[in-house]
Amino acid sequence: MAGSLRPSLRRVAAAGRANTSQESCGTALQPAAATSAELPFAEYDSEAEQLLLQLANQARSQAGVLALKLDPGLCRAAQAHAINMLRAHQLSHQFAGEPSLPQRLAAATQIQLDQEAENVALDYDPEDGHQHLMMSPPHRANLLNPVYNVIGIGVVHAGDRIYIVQDFARALPTYSVPEFKDQIAVAISRARHQARQPDLARLSLLNKDLPGADDVACSMAKADKLETSAVHQLAQHYIVLMYTTTYPGTIPSSAAQVFSTQGLHRFSLGACYARTETYPTGVYWVFAAVN
């Protein structure tokens, strides 16, 4: 944590891992009830969220970094966590019984993410909150990280102070399974050319008596592990490769070495996108059979 103090007042921030003119999280959460005995001073503040977005993107512009775009799902996650901090009267990235940040974001949005981070703070207004976050190296790093391209912001009032949550993430391009496999095939061809080997023929199915390659990949996703009975069956007849990735244009170095081997003739690819306990924000499970 990082913070500064003045008599009877507190400013605190804690860090975890451009179109801004009218962008707002909207009303993803209802304002906390003023009559609630548990949350007597709570007030959801969409204007403060919009201002924090503008300030963040101004800082990114000055640093030569592309602007963050609000994602409604990430906003819902940030707002819900801000309410949790208000209820607990403390800053935290995860309370007892609360899912981890990747799990919270995955539950709130359908976009595919591969990196995430969070800033939380307690301050008096959005301007002070942004200023103090920028003065703290880990928070500043999150705000200016060029990897992140989407954000969700949650702000709730607690008396004369506000709880702030900023959830950052990198949203990835959306591919259909055939598009994803086509990109992997290009990477395989590139590896073959670099090894001065001829292209391999590509088959959509391994054999009419064998399951489709996509089904094999989905068996891995369902089991949340690379080695499944379907994979072991095919390993008796083919060289099999299995891995997870979010980037279809690159393949693991170990797989590239296998694909570059002499004497190979054809390959089949299977891919299956899934969210699992190991990969809560989603990943492609890739299966390849070569002979």
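About the thresholds
Residues numbered from 1 in each chain as written. Predicted model: local features only at pLDDT ≥ 70, side-chain atom pairs only at ≥ 80, totals over all residues. Heavy atoms only, no water. Axes fitted to C-alpha atoms, helices over the stretch in contact; angles between N-to-C directions. Helix = DSSP H or I, 4+ residues; strand = E, 2+ residues; numbered from the N terminus. Parallel < 35°, antiparallel > 145°, perpendicular 65-115°, else oblique. Left-handed = near helix turned anticlockwise from the far one by under 90°. Contact = heavy atoms within 4.5 Å. Nonpolar A, V, L, I, M, F, W, Y, C, P; charged D, E, K, R; others polar. Pairing = 2+ DSSP bridges. Phe/Tyr/Trp six-rings, centres within 6.5 Å; stacked < 30°, edge-to-face > 60°. Buried < 20%, exposed > 50% of the residue type's maximum accessible area, 1.4 Å probe, protein only. Salt bridge = Lys/Arg side-chain N within 4 Å of Asp/Glu carboxyl O.

Any chance you could break down the packing of helix H2 (residues 72-88) against helix H3 (residues 101-108) for me, citing the residues and the numbers?
Their axes nearest at 8 Å, the elements H2 and H3 cross at an angle of 130°. As summarised for this structure, H2 and H3 are arranged oblique, according to the angle between their axes. Between H2 and H3 lies a crossing whose hand is right-handed. Residue-level inspection shows Gly73, Leu74, Arg76, Ala77 and His81 of H2 in contact with H3, the latter providing Arg104, Leu105 and Ala108. Tallied by class, the residues present in the contact of H2 with H3 amount to 4 nonpolar, 2 polar and 2 charged.

Can you lay out the sheet that holds strand E10 (residues 266-274) for me, pointing to particular residues and giving the numbers?
Overall, mixed pairing links the 4 strands, which are arranged E8-E10-E11-E9 in an open sheet. Both outer strands of the open sheet, strand E8 (201-203) and strand E9 (239-245), are each paired with one neighbouring strand and no more. Going across the sheet, the axis of each strand differs from the next one's by a mean of 25°, ignoring polarity. In this structure, E10 lies alongside strand E11 (residues 283-290), joined through 8 bridges in antiparallel fashion.

Can you break down the packing of aromatic side chains residue by residue, with the values?
For the structure shown, the criterion picks out 6 aromatic pairs. Seen in terms of ring centroids, phenylalanine 180 and tyrosine 284 are 3.6 Å apart; in terms of plane orientation they differ by 15°. Their pairing is stacked. With phenylalanine 180 in helix H6 (residues 177-194) and tyrosine 284 in strand E11, this pair connects stretches of sequence that are 104 residues apart. As far as burial versus exposure is concerned, phenylalanine 180 and tyrosine 284 are alike and both buried. Taking 5.6 Å as the distance between ring centres and 90° as the angle between the ring planes, the aromatic pair formed by tyrosine 279 and tryptophan 285 counts as edge-to-face. Take tyrosine 279: its relative accessible area is 29%, and that puts it in the partly exposed class.

Which residues make up the pattern of salt bridges, and what values do they have?
Summed over all chains, the structure comprises 6 salt bridges. Between arginine 104 and glutamate 118 there is a salt bridge, with the nearest N and O atoms lying 3.0 Å from each other. You can see arginine 104 sitting in helix H3 and its partner glutamate 118 sitting in strand E5 (residues 113-123), a full 14 residues away along the chain. As far as the burial class goes, arginine 104 and glutamate 118 line up, both buried. Residues aspartate 182 and arginine 202 are paired through a salt bridge, measuring 2.9 Å at the closest nitrogen-oxygen approach. Of this pair, aspartate 182 sits in helix H6 while arginine 202 sits in strand E8, and the two are 20 residues apart along the sequence.

Lay out unusual backbone geometry with the relevant residues and their values.
For residues that are not glycine, phi is negative in most cases, and the peptide bond is trans in most cases. Here the phi dihedral of arginine 196 falls at roughly 60°; this positive angle occurs in a residue that is not glycine. Note on placement: arginine 196 falls in the loop between H6 and E8. Judged by its relative accessible area of 79%, arginine 196 falls in the exposed class. Not every positive phi belongs to a glycine, and aspartate 224 is a case in point at roughly 60°. By the element assignment, aspartate 224 lies in the loop between helix H7 (213-223) and helix H8 (229-235). For aspartate 224, a relative accessible area of 23% corresponds to the partly exposed category.

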